[in-house]
Amino acid sequence: MKKIIMGAVLALATVFIYKSCIDTAERGSALQESSTLIQQQIENVSKLIVTEGHFAEVYNYADSKELFGPLLTADKKALVVVNAEITIVYDLQQVDFEIDEAQKTLFVKRIPQPEIKINPDFEYYDVTADYLNPFEAADYNAIKRNVRNSLLKKVEASSLKQNAQNRLISELVQFLVLTKSMGWKMVHDEIPVVTREDLLIDHNILVD
């Protein structure tokens, strides 16, 4: 009788251990599959997000040089028409992330800053200069610098930056949807991401 009971106990223990091993293997396989899907999704959105805009600027440049005091000056001036193509770029290949299978969490550690690229086309009109105050390289550099600063202000006042960030968030939301669908969590800057609004980022723009 004792042998029968011992045999039954051993059989039950064997079944329990086997089932436990199977369940553990299945959980491990599911976690591995989930992390692989997340990795694939990240690779799918690892691309450049480019938002383009066109801006025009009319700039009047003037400079005076005093000769023998303020009573006599040598003047120069120019009318400059600028057409500029401006792009804001996010390089999502620079997203820094970590997949934690134990915590079933996608940690997004760093999202790349956007880069603004200004490609201006300058046309000069009505360029006049006194013999004693000629146009020099420094004048053209000053014009380009001033126009560039003016264009940056126009970009800040436009919807271009917001449009670029909206496109960025639309890509990042794909991570959120995927992690939620698998029962995982998404964390950015140590803050849980639950809704689209949690992904809003106020980036400083790098200018090129």
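Figured I'd write up the structure that's included with this text. Owing to the predicted nature of the structure, the values given are computational and were not obtained by experimental measurement.

Criteria and cut-off values
Residues numbered from 1 in each chain as written. Predicted model: local features only at pLDDT ≥ 70, side-chain atom pairs only at ≥ 80, totals over all residues. Heavy atoms only, no water. Helix = DSSP H or I, 4+ residues; strand = E, 2+ residues; numbered from the N terminus. Expected span 1.5 Å × (residues − 1). Buried < 20%, exposed > 50% of the residue type's maximum accessible area, 1.4 Å probe, protein only. Core = buried A, V, L, I, M, F, W, Y, C linked by side-chain atoms within 4.5 Å. Contact = heavy atoms within 4.5 Å. Phe/Tyr/Trp six-rings, centres within 6.5 Å; stacked < 30°, edge-to-face > 60°.

1. Overview of helix α3 (residues 160-181)
Turning to step 1, where the next piece is worked out: In this model, α3 (22 residues) spans 32 Å end to end at C-alpha, consistent with the 32 Å of a helix rising 1.5 Å per residue.
Turning to step 2, where the next piece is worked out: Taken as a whole, α3 has its buried residues at Leu160, Ala164, Gln165, Leu168, Ile169, Glu171, Leu172, Val173, Phe175, Leu176, Leu178 and Thr179.
Turning to step 3, where the next piece is worked out: Count one or two residues on from α3 and you reach Gly183, which has phi positive near 75°.

2. Things to note about the nonpolar core
Turning to step 1, where the next piece is worked out: Grouped together as the largest cluster of nonpolar side chains are 41 residues, with contacts concentrated most on Ile86, Ile143 and Met186.
Turning to step 2, where the next piece is worked out: Contributing elements (two or more residues each) for this core: α1 (2-44), β1 (48-66), β2 (73-91), β4 (105-110), β5 (115-129), α2 (137-157) and α3.
Turning to step 3, where the next piece is worked out: Those residues in contact with Met186, other than ones at most four positions away along the chain, are Leu106, Val108, Leu172, Phe175, Leu176, Thr179, Ile191, Pro192, Val193 and Leu199.

3. A word on the packing of aromatic side chains
Turning to step 1, where the next piece is worked out: Inspection of every chain in the model, using the stated rule, returns 4 aromatic pairs.
Turning to step 2, where the next piece is worked out: When the centroid spacing of 6.0 Å and the interplanar angle of 50° are considered together, the rings of Tyr61 and Phe135 count as tilted. In this pair, Tyr61 is assigned in strand β1 and Phe135 in the loop between β5 and α2, connecting sequence segments 74 residues apart.
Turning to step 3, where the next piece is worked out: Since its relative accessible area comes to 10%, Tyr61 is described here as buried.
Turning to step 4, where the next piece is worked out: Classification of Phe135 by relative accessible area gives buried; the value is 17%.

4. Thoughts on α2
Turning to step 1, where the next piece is worked out: End to end, α2 covers 31 Å across 21 residues, agreeing with the expected 30 Å (1.5 Å per residue, within 8%).
Turning to step 2, where the next piece is worked out: Within α2, the full set of buried residues consists of Asp139, Ala142, Ile143, Val147, Leu151 and Val155.
Turning to step 3, where the next piece is worked out: On its buried face, α2 sits against β1, β2, β5 and α3.

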